[in-house]
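Survey of secondary and tertiary structure
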Amino acid sequence: MDSFVTMAEIDAATSAVKGKLSTLPRIGLVLGSGLGGLAEDVKSPVSIPYSEIPHWPVSTIQGHAGRLVVGDLYGVPSMVMQGRVHYYEGYSMDRVTFPIRVMQRMGIKMIILTNAAGAINPDYIPGDVMLIVDQINLVGMAGLNPLRGPNLEEFGERFPDMSHPYDPGLMKLARNVAVKEGIHLHEGVYVCLSGPSFESPADLRFLQRIGADAVGMSTVPETIIARHGRTKVLGFSGISNKANLDGTTETTHEEVLAAGKTIVPKLTTLIQGVLKELTTDH
């Protein structure tokens, strides 16, 4: 029998994080490969290495700093994950999504997920940003769903609805900010594969035919766990490399990290604008 994440583990991690904070965060933010620079905008930060949090999975990938940064982000108390872990690092899907459970246990009701993604849509170029409007859970369809195992009733029901994985209201705010700031914001479908190998040209042509615009190795499991716990999700993909549908180019992790330098300023403006709108509305 497999071992699964327990409420006791989630609560131990939650207590450890809470014990270091004077103000509880309202917003969660997960930063993908090459996007960790966004955490530098947190004011009066409390930085907590993942290794100091009980049961928290530790990132092993270049471009993922591996720490929580908690503080004021554009006027909103926020918990920023500077890097995440992935299934391909050897963690189970429920362990990969463990941080989302801790956020939920801390009372966070909204999470912004970001990732570095490869282009499938030929109109996308490196440095572009895509608003994720839907997802394809290809890994989950093959059996690696993060909700596999005993249902944690404290968070949600056994069979959660996924008709709106990304919140329509938050997407509307992001669109408004993009127009106001003159940012060209694509809208598309993100598909999650397990990695760590990048996709072959035939893989990409297949993914294009089933309706995907961008591909990566994260985000979808986190979104499923978030929605299971009725947490609203806003998702952005930073396009790190062009579609290699014909096999004429190679994709490297260095290319992914380099593209982040172009993507971070755009994401910063988008996230800052969305959070400003949220504070204005409330």
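Everything discussed here concerns the structure shown above.
Treat the numbers as computed from the prediction; the structure is a model and nothing was measured. (Residues numbered from 1 in each chain as written. Predicted model: local features only at pLDDT ≥ 70, side-chain atom pairs only at ≥ 80, totals over all residues. Heavy atoms only, no water.)

1. With respect to helix α5 (residues 168-181)
Its 14 residues give α5 an end-to-end C-alpha distance of 20 Å, which sits within 8% of 20 Å, the value for a rise of 1.5 Å per residue. Of the residues making up α5, those classed as buried are L170, M171, L173, A174, V177 and A178. Buried residues of α5, viewed axially, fall in a sector of 155 degrees; they line one side. Of the exposed residues in α5, those oriented more than 90 degrees away from the buried face are K172, V179 and K180. Sitting at the amino-terminal end of α5 is D167, which places a side-chain oxygen 3.2 Å from the backbone nitrogen of G169. Looking one or two residues beyond α5, the residue adopting positive phi is G182, at roughly 70 degrees. (Helix = DSSP H or I, 4+ residues; strand = E, 2+ residues; numbered from the N terminus. Expected span 1.5 Å × (residues − 1). Buried < 20%, exposed > 50% of the residue type's maximum accessible area, 1.4 Å probe, protein only. Arc of directions from axis to C-beta. Polar contact = N/O pair within 3.5 Å; in protein donor to acceptor, adjacent residues only side chain to side chain.)

2. Here's the deal with the nonpolar core
Counting residues in each nonpolar core, the largest one holds 89 residues, and the members touching the most others are L68, L234, F236 and L275. Take this core: its biggest share by element is nine residues, from helix α8 (residues 253-281). With near-sequence residues (within four places) excluded, L234 lies in contact with I111, I112, L113, L131, Y166, L170, M171, A174 and V274. (Core = buried A, V, L, I, M, F, W, Y, C linked by side-chain atoms within 4.5 Å. Contact = heavy atoms within 4.5 Å.)

3. Description of the pairing of strand β4 (residues 76-82)
Most of β4 is tucked away: six of the seven residues are buried. For strand β1 (residues 27-31) and β4, the ladder comprises five bridges, and the chain directions are parallel. Residue I27 lies in a different strand from β4, and its bridge partner there is S78. One ladder, built from seven bridges, connects strand β3 (residues 67-73) with β4; its direction is antiparallel. Bridge assignment links L68 to a residue of β4, and that residue is M81. From the end of β3 to the start of β4, which pair antiparallel, there are two residues, and Y74 there has a positive phi angle of about 55 degrees. (Pairing = 2+ DSSP bridges.)

4. So, the packing of aromatic side chains
In the structure shown here, the tally under the stated rule is two aromatic pairs. Measuring from centroid to centroid gives 6.3 Å for W56 and F98, while their planes differ by 85 degrees, and the two rings are edge-to-face. Linking W56 in the loop between β2 (43-49) and β3 with F98 in helix α3 (residues 98-105), this pair joins segments that are 42 residues apart in sequence. As far as the burial class goes, W56 and F98 line up, both buried. Following the ring pairs from residue to residue traces out a cluster consisting of Y50, W56 and F98. The side chain of R101 reaches across the aromatic face of F155, ending 4.3 Å from its centre. (Phe/Tyr/Trp six-rings, centres within 6.5 Å; stacked < 30°, edge-to-face > 60°. Lys NZ or Arg CZ within 6 Å of the ring centre and 35° of its normal.)

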